[in-house]
Number of protein chains: 2
Amino acid sequence: MAGIPIYQTAICPEWIDYNGHLQDAYYALIISKATDALMDRVGLDAAYRARTACTLYTVEMHLHFLQEVKQADTAVVNVRLLGVDQKRMHTAFEIERAGHPEVAATAEVMLLHVHQEAHRVRSAPFPPEVAARLAELAAASARLAAAGPGSRRIELRAQRTAS
Amino acid sequence: MAGIPIYQTAICPEWIDYNGHLQDAYYALIISKATDALMDRVGLDAAYRARTACTLYTVEMHLHFLQEVKQADTAVVNVRLLGVDQKRMHTAFEIERAGHPEVAATAEVMLLHVHQEAHRVRSAPFPPEVAARLAELAAASARLAAAGPGSRRIELRAQRTAS
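This section reports on the structure supplied with the text. Every chain begins its residue count from 1, and numbering advances along the sequence as written. Labels follow written order: the first chain is A, the first ligand is 1, and so on. Predicted model: local features are reported for residues with pLDDT of at least 70 only, side-chain atom pairs are reported and counted for 80 or more only, and whole-chain, interface and lining totals are derived from all residues. With hydrogens and water excluded, all non-hydrogen atoms of the structure serve as input to the side-chain values.

1. Some remarks on the relation of the copies chain A and chain B
Link 1 in the chain: Mapping chain A onto chain B calls for a screw motion: a turn of 180 degrees about the axis and a shift of 0.0 Å along it, with 0.0 Å RMSD after fitting. Both copies of the chain, as the preceding transformation shows, are related through a two-fold rotation axis. Identified as the residue of chain A closest to the rotation axis by C-alpha distance is H62 of chain A, at 2.1 Å.
Link 2 in the chain: When checking whether two residues touch, look at their non-hydrogen atoms; a contact exists if any pair is within 4.5 Å. Most of the interface of chain A is mirrored in chain B, where 100% of its interface residues are also at the interface. In superposing the copies, a least-squares fit is computed on C-alpha atoms, taking residues whose pLDDT is at least 70 in both.

2. Concerning the interface of chain A and chain B
Link 1 in the chain: Contact residues are listed per partner, giving 48 residues for chain A and 48 residues for chain B.
Link 2 in the chain: In short, buried area is how much 1.4 Å probe accessible area vanishes from two parts on joining, totalled over both. Summed over both sides, the interface of chain A with chain B buries roughly 4300 Å², with 49% coming from carbon and sulfur.
Link 3 in the chain: Ranking the residues of chain A by area buried against chain B places E60, I154 and L156 of chain A at the top, with a combined share of 18%.
Link 4 in the chain: For this document, the term salt bridge refers to a Lys or Arg side-chain nitrogen within 4 Å of an Asp or Glu carboxyl oxygen. Applying the counting rule to chain A against chain B returns two salt bridges.
Link 5 in the chain: Between E60 of chain A and R152 of chain B there is a salt bridge, with the nearest N and O atoms lying 2.9 Å from each other.
Link 6 in the chain: We call two N or O atoms a polar contact when they sit within 3.5 Å, provided that within protein one can donate a hydrogen and the other can accept it, with sequence-adjacent residues counted only if both atoms are side-chain atoms. Seen at the junction of chain A and chain B, the total is 33 residue pairs in polar contact (both at pLDDT 80 or more).
Link 7 in the chain: Where helices and strands are cited, they refer to DSSP runs of H or I of at least four residues and of E of at least two residues respectively, numbered from the N terminus. Only α1 (24-42), β2 (54-65), β3 (74-84), β4 (88-97), β5 (103-116) and β6 (121-123) of chain A provide two or more residues apiece to the side of chain A that touches chain B.

3. What about the packing of aromatic side chains?
Both the distance between ring centres and the angle between the ring planes are used here to describe each pair of aromatic rings.
Residue and element names in this part refer to chain A.
Link 1 in the chain: By convention, a stacked pair of Phe, Tyr or Trp rings (six-membered ring in the case of Trp) has centres within 6.5 Å and planes under 30 degrees apart, an edge-to-face pair has planes over 60 apart, and any other such pair is tilted. Scanning all chains against the criterion turns up four aromatic pairs over all chains.
Link 2 in the chain: Centroid distance Y27 to F65: 5.0 Å. Interplanar angle 90 degrees. Geometry classified as edge-to-face. Remark: F65 occurs in strand β2 and Y27 occurs in helix α1; sequence separation between them is 38 residues. Of the two residues, Y27 and F65, neither departs from the other in class, the shared state being buried. When accessible area is computed with a 1.4 Å probe and restricted to protein chains, residues below 20% of their type maximum are described as buried, those above 50% as exposed, and intermediate ones as partly exposed.

Next up, the structure:
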């Protein structure tokens, strides 16, 4: 594993599309659920959210689809925390299929910590205990290599093969 | 509208998450459905897929989340075709909420035309009639401006405001 194990899930039948594999948006749903698991891990769980009215908003998400995921697969997700500041987390996720060596998808996600007031939402700094856990996770992540492509500007590049 | 209208949808109640708005992955699902509508528009519809065993695979997707979408909103999607080659389409989508001027999300998506054989999938050139429609769409798109951010490398940048 190139990252820190954070989440795994079976593939729901309704996530399979007319192409016979996991529809693109459901890779994103698996990443979203892995983000929830990461929030639990660092202390931004449901109790924290209820107590503080603070939560994470997704700002950006960039997915690379590398292998087809089928109904019978189990998706296994690992994570690295690429960067963190007072209010933001820059995360990298990898989706693997249990029993297969290739990475099936990668995703980078930028998350913003916010306070949800009645009629407006404001960004807010992480509390010290969460910031400490994030710093530990960033340090652990720095020792881990990426197993697939990272975020970059999407553009048509010349292809290497003629097939 | 900054792009060509391609799709619109109500927001299903199960797409709303614990933050009280459209969960990130369901923005991606709306983009996925808009891609299906685009496929219908250019001749890559269900009949084409059944006849040829060819379809589009999503290679990359990069989303920017700009505004909260709520249960009562209607999502309106427009599209621009930023580039096309023999087998690939580089598309840009914008999600708006009917009655609101701000763009709620942008997405760039790279799509690959493939032939699904029994045990392998190979990239395949677009047929001439589809290529012609794509060329028309790219030409129409070139006259339209982006209404929000495009794909770029995700990274922690210094923020302009202190709030």
